[in-house]
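Architecture at a glance
These are the residues of each chain, in order.
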Amino acid sequence: LGNVMSFDQLTGNVGIGTDSPSELLELKPGSGGDAKISILKSDGSQKALIGYDNPNGGLINLYNEAGTTNVFIRGYGDSYFNGGNVGIGVTSPQTKLEIAETATSSDCVVRIKATRDAYLQFAPANSVKWALIADYPALGDFTMYNYPNNFNSIVIKDNKDITTNLSGGNFGIGTTSPDGKLDVS
């Protein structure tokens, strides 16, 4: 079979482009080439592509019946899922992203880590409206603010004081219908 395809009888490994495969199936392209496995339907339409995109890195592409790429995972650059809902710890997600705790504990933690501020933005119709931010405006603070209204915000200062610069309206503690600027019930 030469350098095109090899079979190691001791290990059962198969190599394409290599005489000494170290895995069950090993692909090694020629100089500067890509190493990809393409999975096609009987009509020749591509349904999956797994491999190495020279010189960038590894990739997995999954296609729907119309030939649209719905899942694109790369070891470099952007990746995306456009084929429906995504579940982590759940097999039938009901929303775009559903995360469920499957262990016996009841905690389900989602962590956002950053070297600076960590944001969770809410953007209906591609326009950011609200954000939750840790360590903003100062280390230890937690802020909820509104983008289109000049950054109106509610800030928990270092887990102690609560401040607000909301313009207009009333602020209630212990009431859902405050009668004045500050209504404590």
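Above this text sits the structure in question.
So, a few notes on the structure that sits alongside this text. Position labels on residues start from 1 in each chain and follow its written sequence. In keeping with the model being predicted, local features are shown solely for residues with a pLDDT of at least 70 and side-chain atom pairs are shown and tallied solely at 80 or more, while totals for entire chains, interfaces and linings include all residues. As a convention, hydrogens and water are excluded, and side-chain values are obtained from all of the structure's heavy atoms.

Our next topic: the overall build of the protein chain. Assigned secondary structure in the protein chain consists of zero helices and 17 strands. On the principal axes, the C-alpha backbone points of the protein chain span a range of 85 × 40 × 35 Å. A total of 185 residues make up the protein chain; the buried ones form 18% of that total. Any pair of residues with heavy atoms lying within 4.5 Å of one another is described as a contacting pair. Sequence-distant contacts in the protein chain: of pairs separated by 6 or more residues, those separated by 24 or more amount to 1%. Think of it this way: Lys and Arg go in the positive column, Asp and Glu in the negative one, and His and the chain ends go nowhere. Here the site of a charge means atom NZ of a Lys, CZ of an Arg, CG of an Asp or CD of a Glu. Computed over 13 positive and 19 negative side-chain charges, the inter-centroid distance for the protein chain is 6 Å. Numbering goes from the N terminus for both helices and strands, where a helix is a DSSP run of H or I of at least four residues and a strand is a run of E of at least two. Each residue gets one of three labels from its accessible area relative to the maximum for its type: buried under 20%, exposed over 50%, partly exposed in between, using a 1.4 Å probe on protein chains only.

Only when DSSP finds a minimum of two bridges between them are two strands counted as paired. The pairing of strand β12 (residues 130-134) with strand β13 (residues 142-146) spans five bridges and is antiparallel. Directly across from Trp-130, in β13, lies its bridge partner Asn-146. In this structure, β13 lies alongside strand β14 (residues 152-157), joined through five bridges in antiparallel fashion. Looking at the pairing, Tyr-145 lines up with Ser-153 of β14.

Moving on to the environment of Lys-28. When you line up the elements, Lys-28 lands in the loop between β3 (25-27) and β4 (35-40). Contact partners of Lys-28, with chain neighbours within four places excluded, come to Ile-16, Gly-17 and Thr-18.

This part is about the packing of aromatic side chains. Here the aromatic set is Phe, Tyr and Trp, taking the six-membered ring for Trp, and pairing holds for ring centres within 6.5 Å; pairs whose planes are under 30 degrees apart are stacked, those over 60 apart are edge-to-face, and all others are tilted. Taken as a whole and assessed by the stated rule, the structure comprises two aromatic pairs. With a centroid separation of 5.5 Å and an interplanar angle of 50 degrees, the aromatic rings of Phe-72 and Tyr-80 are classed as tilted. On the basis of relative accessibility, which here comes to 33%, the residue Tyr-80 falls in the partly exposed class. With 6.1 Å between their ring centres and 40 degrees between their planes, Tyr-136 and Tyr-145 make a pair best called tilted.

A pairing counts as a salt bridge when a side-chain nitrogen of Lys or Arg comes within 4 Å of a carboxyl oxygen of Asp or Glu. For the structure shown, the criterion picks out four salt bridges. One salt bridge in this structure joins Lys-36 and Asp-53, with 3.9 Å as the shortest N-O distance. Here Lys-36, found in strand β4, pairs with Asp-53, found in strand β5 (residues 46-53); they are 17 residues apart in sequence, far enough to count as distant. For Lys-41, the salt bridge is made with Glu-65, and the minimal N-O distance between the two is 2.8 Å. One end of the pair, Lys-41, is in the loop between β4 and β5; the other, Glu-65, is in the loop between β6 (57-63) and β7 (69-74), with 24 residues separating them in the sequence. Linked by salt bridges that have partners in common, Asp-34, Lys-36 and Asp-53 make up one network.

What follows deals with the environment of Lys-157. Among the secondary structure elements, Lys-157 is positioned in strand β14. With 40 residues separating them along the chain, Lys-157 and Asp-117 place their C-alpha atoms 15 Å apart. Excluding residues that lie within four positions of it along the chain, Lys-157 makes contacts with Pro-137, Asp-141 and Thr-163. A polar atom in the side chain of Lys-157 sits 2.9 Å from the side chain of Asp-141. For the purposes of these results, a polar contact is taken to be a pair of N or O atoms within 3.5 Å, where, inside protein, one atom must be able to donate a hydrogen and its partner to accept one; residues adjacent in sequence count only when each atom of the pair is a side-chain atom.

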